[in-house]
Amino acid sequence: MLRGGHLIGGQWRSGADRFCTRSPSDLNEEVGEYPAGSPRDAEDALEAARKALPGWSTYNTQARSDLLRKTAEVITARAEEIGTHLAREEGKTRREAIAETLRAAQVFFYYAGEVVRHPGQFFNSLRDGHHIIVSYEPVGVISLITPWNFPIAVPAWKVAGALAYGNTCVLKPSEFAPGCAVILGQILTEVGLPPGVFNLVHGQGRVLGETLIGGANGVSFTGSTPTGRAIVKQAANTLTKVQLELGGKNPLIVLDDADLDLAVDVALQGTFGQTGQRCTGSERLIITRGIHDAFVEKLVARVASLRVGHALHEDTQIGPVATAAQLEKNLTFIQRATEAGAELAVGGARLEKSTPGYYLAPTLFLGTTADTPLNREEIFGPVAGVIRVNDLEEAITVANDCELALSSGICTTNIRSAERFRRLSRAGLVMINAPTAGLEYHVPFGGRSPSGYGGREQGPASAEFFTEIKTAYVNHGDI
Ligand code: UN1
């Protein structure tokens, strides 16, 4: 079992009030034990980050890059061990968890390069004897609040981004899967990151959130849209810079001319990969009339054959749902869809396995409409509805008929249809003949409000949030 602490100013700190995580694959198994932080712990962590800021923001550029690269190397070397912990604590399959860990390592490699590439701008002034330098300065102390569904990748892209541009940070990982953040803290310490540059506090958002938002110069949060709204309200008091990655209700359109097998693969991967617990997952499958029956027949057969099981078993394809509350939510959506007259094609119930866990059969409803409750709100589970439409135009209307606008996808062999959808989709991400989930680390990631707020993460976009622009006039006189 992992015994984790807070990491504050380079010191590991415990606490009398502790909580345990249990494996969603086997509720008898305790995976980790962590201190439940108080606002005092959060304030101490912020204070440590403030103290470390002057040193880190002026730290030698090569040395800063080296620290991020070394972190990437250690994560890569320990990927199996970290991935195994992640799978035990969060419940995604070991294969998925190791892939996520390697993705986290790649993020650190990427930002090691970004440290060096970090640009400024030079302008000639309109005034004689002057020029102008535009530099990108660190924002300061950043609070990073991360979800349980990507316990190593999301902390990695927030922490690496914050540190690359000279900020110091306090990470508060989800209390449902904090172990990877502890391991990340151990690695950052081991490679020689100066004390206080990275700090870690555990506990519940409702206990720590106010302090973390009020006492930082910036907040980057990934989680639900309602929590995001609460963060913006509080950040308004201090005008703290905020970046939010929130919910999705992502549509996948399949047109009559699609490559059927590819479309089924894309839907299967996007909807049920990682037990559907991705903000980028496909939860609305919008299928045109001509291909509907053939698509549904193949997809239902594939879904029915998915092996749901313990996250650590080699032949498991779909791990359990991560938490009791999420399982409950999934079952409520299933019940409401059934009551609304949707046709249950496959799944729909909890599964018994040899160990007690939150196992849910991947679930697909047919005959749903844009108004079925199932298709209005984010579920965040292995549950989706199929909506039959007449043509591309109706498909686009249905796809955009939802407040959330994170990811979207279309399967078609017609380049004009693909391009029309790329232009008209409201979502921040458009995937053509590819799953709505699974973005790479070097490109901007995020959605339009209310799926995202305050700028995109990752790739070149992350510098926009993690830096402040400084415009400096230099009056050097006549030359
Ligand atoms: C992906 O689909 O590539 O919480 C990652 C989430 C997102 C990450 C999605 N922030 O699901």
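Residues numbered from 1 in each chain as written. Predicted model: local features only at pLDDT ≥ 70, side-chain atom pairs only at ≥ 80, totals over all residues.

A. Up close: the overall build of the chain. If you tally the helices and strands in the chain, you get 14 helices and 21 strands. Taking 23 Å as the expected radius of gyration for a compact globule of 479 residues, we find that the chain reaches 23 Å, a close match to that expectation. Within the chain, the proportion of its 479 residues that are buried is 54%. Sequence-distant contacts, at least 24 apart, represent 72% of the contacts inside the chain between residues at least 6 apart. (Helix = DSSP H or I, 4+ residues; strand = E, 2+ residues; numbered from the N terminus. Rg over C-alpha atoms; globule rule 2.2 N^0.38 Å. Buried ≥ 20, exposed ≤ 12 C-beta atoms within 10 Å, placed from the backbone. Contact = placed C-beta atoms within 7 Å.)

B. Focus on the site of the ligand. In the vicinity of the ligand, the residues found are Pro 147, Asn 149, Phe 150, Val 154, Thr 222, Glu 245, Arg 278, Cys 279, Thr 280, Ala 437, Gly 438 and Leu 439. Looking at side-chain class alone, the shell around the ligand contains six nonpolar, four polar and two charged residues. Looking at which domains feed residues into the shell around the ligand, each of domain 1 (2–246 + 450–474) and domain 2 (250–432) gives three or more. (Near = placed C-beta within 6 Å. Nonpolar A, V, L, I, M, F, W, Y, C, P; charged D, E, K, R; others polar. Domains from an automatic or database assignment.)

C. Looking closely at the packing of helix α2 (residues 61–77) against helix α6 (residues 179–191). Running from N to C, α2 and α6 cross one another at 130°; their axes reach a closest spacing of 9 Å. The angle between α2 and α6 places the two elements in the oblique class. For the pair α2 and α6, the crossing hand works out as right-handed. Residues Leu 67, Lys 70, Thr 71, Val 74 and Ile 75 of α2 form the contact with α6, whose own contacting residues are Ile 187, Leu 188, Glu 190 and Val 191. Tallied by class, residues from the contact of α2 with α6 come to six nonpolar, one polar and two charged. (Axes fitted to C-alpha atoms, helices over the stretch in contact; angles between N-to-C directions. Parallel < 35°, antiparallel > 145°, perpendicular 65-115°, else oblique. Left-handed = near helix turned anticlockwise from the far one by under 90°.)

D. Local environment of the pairing of strand β12 (residues 241–245). Counting buried positions along β12 yields four of five residues, so the element is predominantly enclosed. Relative to β12, strand β11 (residues 218–222) runs parallel, the two being bridged by five bridges. Residue pairing in the sheet places Phe 221 in a bridge with Leu 244 of β12. For the crossover from β11 across helix α8 (residues 225–238) to β12, the handedness is right-handed. For β12 and strand β20 (residues 452–453), the ladder comprises two bridges, and the chain directions are antiparallel. Looking at the pairing, Glu 245 lines up with Gly 452 of β20. (Pairing = 2+ DSSP bridges. Right-handed = clockwise from strand over helix to strand, strands pointing away.)

E. Seen up close, the sheet that holds strand β5 (residues 26–35). Strand order across the open sheet formed by three strands is β1-β5-β4, with mixed pairing between neighbours. Looking at which strands have only one partner, the edges of the open sheet turn out to be β1 (2–3) and β4 (18–23). Taken together, the six bridges between β4 and β5 define a ladder with antiparallel strand orientation. Among the inter-strand pairings, Ser 23 is bridged to a residue of β5, identified as Asp 26.

F. Representation of the packing of helix α3 (residues 79–90) against α6 within the structure. Axis separation between α3 and α6 bottoms out at 9 Å; the angle between their running directions is 155°. The angle between α3 and α6 falls in the class roughly antiparallel. For the pair α3 and α6, the contacting residues are Ile 82, His 85, Leu 86 and Glu 89 in the first and Gly 179, Cys 180 and Ile 183 in the second. Taken together, the residues of the contact of α3 with α6 break down into four nonpolar, two polar and one charged.

G. Highlighting the nonpolar core. The biggest cluster of nonpolar side chains holds 123 residues, and the ones touching the most others in it are Leu 68, Phe 108, Val 159, Ala 160 and Cys 169. Two domains each put at least three residues into this core: domain 1 (2–246 + 450–474) and domain 2 (250–432). Filtering out sequence-adjacent residues up to four positions away, Leu 68 remains in contact with Phe 108, Tyr 111, Ala 112, Val 115, Ala 160, Leu 163 and Ala 164. In terms of nonpolar packing, the next biggest core, distinct from the first, is built from eight residues, Cys 279, Cys 402, Leu 404 and Ala 405 among them. (Core = buried A, V, L, I, M, F, W, Y, C linked by C-beta atoms within 7 Å.)

H. Region of the structure containing unusual backbone geometry. Residues Ser 449 and Pro 450 are joined by a peptide bond in cis, for which omega reads 5°. Locating Pro 450 in the fold gives a position in the loop between β19 (429–432) and β20. Residues other than glycine seldom take positive phi values, yet Thr 275 does so here, at roughly 55°. Here Thr 275 is to be found in the loop between α9 (260–272) and β14 (282–288). Judged by the 31 C-beta atoms lying within 10 Å of it, Thr 275 falls in the buried class.

I. Looking closely at the domain arrangement of the chain. Each domain of the chain was delimited in the assignment, giving domain 1 (2–246 + 450–474) and domain 2 (250–432). Averaged C-alpha coordinates put domain 1 and domain 2 at centres separated by 31 Å. The set of elements that each furnish at least two residues to the side of domain 1 that touches domain 2 consists of β5, α3 and α4 (94–117). Of the residues assigned to the side of domain 1 that touches domain 2, the class counts are six nonpolar, seven polar and seven charged.

J. Spatial organisation of the sheet that holds strand β7 (residues 130–138). Read across the sheet, three strands follow the order β6-β7-β21 without closing on themselves; strand pairing throughout is antiparallel. At either margin of the open sheet sits one strand with a lone partner, and together these are β6 (121–124) and β21 (467–475). Here the strands of the sheet are splayed against their neighbours by 20° on average, with no regard to which way each runs. Alignment of β6 against β7, held across four bridges, turns out to be antiparallel. Bridge pairing in β7 links Gln 121 to Val 134.

K. Here's a closer look at the environment of Val 201. Along the chain, the position of Val 201 falls in the loop between β10 (198–200) and α7 (205–214). Among the residues examined, Val 201 registers 33 C-beta atoms within 10 Å and is labelled buried. Counting along the chain gives 166 residues from Val 201 to Pro 35, while the straight-line C-alpha distance between them is 8.5 Å. Leaving out residues up to four positions away in the same chain, Val 201 has contacts with His 6, Gly 37, Asp 41, Ala 42, Ala 45, Val 170, Lys 172 and Leu 208.

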